[in-house]
Amino acid sequence: MTTALGFDPKFLADVDVPLPDRPRSPDRPRLPDHPDLVTLAYTHFSVSIDPARRLAAVTGVNIDGGSLKDVARSDNWRLDDRLPASQQAGNELYSNNDLDRGHLVRRRDPVWGELSVARRANADTFHYTVCAPQTATLNQSKTLWLGLEDYVLGYAEQYGRRLSVFSGCIFAQDDPGYRGFAIPRRFFKIAVWSQDAAPACTGYVLDQSPSLDPILDKPLRVETDPPPLGPYRTYQVPVADISSATGLDLEVLIDADRYAPVAAARAEASRWTELTRLSDIHL
C-alpha cells in the first residue's frame, strides 16, 4: 500500500500553516473534557479524531485548484482499520434515518494530481472518520457551505490556485444524544491561502440545530419518507470564536483572519454575519 501523504503544512507558498491541535503547553491549559486527538493521514488530507466523541475534531486538506481531477464517487463507506472501531462512528449511526454522512473534507477537494493519486484521494474520503452526521435537508445555506472553497479559490487565484482548508465538529456539552452518540449541532470551516508571503484566512460556522431535533425525535425512517424540512444557517465568524468554541490552538490563523477587523467594528451581538449569498463573504 502506498503511504498516505497527509496534510502538508508547507503546501502554501511562503507560509507554514500546521494542522490545528488542542493546546499542550502549561500556559494554554486544555479543557478537561478534551482528550488527546488521534491524527490519521490520507491522500492530501489528515483527520484528527476525538476518540471520546468518535468524530473528527479537525480535518485539514490541501487543494491544488490548478490540477483538480474529475473522478466518479465511490460511496464505498468503510471504517479505518488503523483506529479501533469503538473510536469511530460507523453505519450504526446513519442507517434508517435522515442523517447524512456529511463530508468534513469535501470529496473533490483532495482529488488532484496524477490520476492514480486523485483516485486514491477520492476513495480515502469515504472513510467514516472523514464524515459527521448532518441532516439530509439541503437548502440555500447548506449549498453556500458546500461552495465556500470554490468561492475562496476564485478569489485566491490571483495569489496562486492553492488553498488549505480546516474543518470539523464543534463539540458542546449539550449536544443531543442519539444511538449512543452525541450529535454536533455546529461545524466549522477555515479557508487559508498565501497572500503577499503571509497567511490569510476566513472562518465559517454551519448551524444545523433547527433541522436536527425533528430527526432525532423520529422513529426508524421508512425509506420512502421524505426528509423533514428545516433550515441550515451558515455564518462568517471570527477565527478567534472558532478557537474558543473548539478548544483548538488557532493562534496563527487568528492573526491572519481577514474578517476580524469587520467583527471588531461591530457590537458583540452582531460579530457573526449570516450568509445568504457568496457575495456576503468578507475577504
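Calculation criteria
Residues numbered from 1 in each chain as written. Predicted model: local features only at pLDDT ≥ 70, side-chain atom pairs only at ≥ 80, totals over all residues. Heavy atoms only, no water. Buried < 20%, exposed > 50% of the residue type's maximum accessible area, 1.4 Å probe, protein only. Helix = DSSP H or I, 4+ residues; strand = E, 2+ residues; numbered from the N terminus. Arc of directions from axis to C-beta. Contact = heavy atoms within 4.5 Å. pLDDT = per-residue confidence, 0-100. Phe/Tyr/Trp six-rings, centres within 6.5 Å; stacked < 30°, edge-to-face > 60°.

Every buried residue of helix 2 (residues 115-124) is accounted for by V117, A118, A121, N122 and D124. When helix 2 is viewed along its axis, its buried side chains cluster within an angular range of 160 degrees and face the same direction. Along its buried surface, helix 2 packs onto strand 1 (38-42) and strand 2 (45-50).

Mean pLDDT over the protein chain works out to 86, with 87% of the residues at or above the 70 mark. Ranking the elements of the protein chain by mean pLDDT puts helix 4 (residues 209-216) last, at 75, and strand 2 first, at 98. Low pLDDT (under 50) marks residues 220-230, which in the prediction has 18 contacts with non-local residues, meaning those over four places away or in another chain.

Enumeration according to the criterion identifies seven aromatic pairs in this entry. Between W77 and Y128, the aromatic rings sit 5.7 Å apart at their centres with planes inclined by 35 degrees, giving tilted as the arrangement. Here W77, found in the loop between strand 3 (55-64) and helix 1 (91-94), pairs with Y128, found in the loop between helix 2 and strand 5 (131-135); they are 51 residues apart in sequence, far enough to count as distant. The burial state of W77 is the same as that of Y128; both residues are buried.

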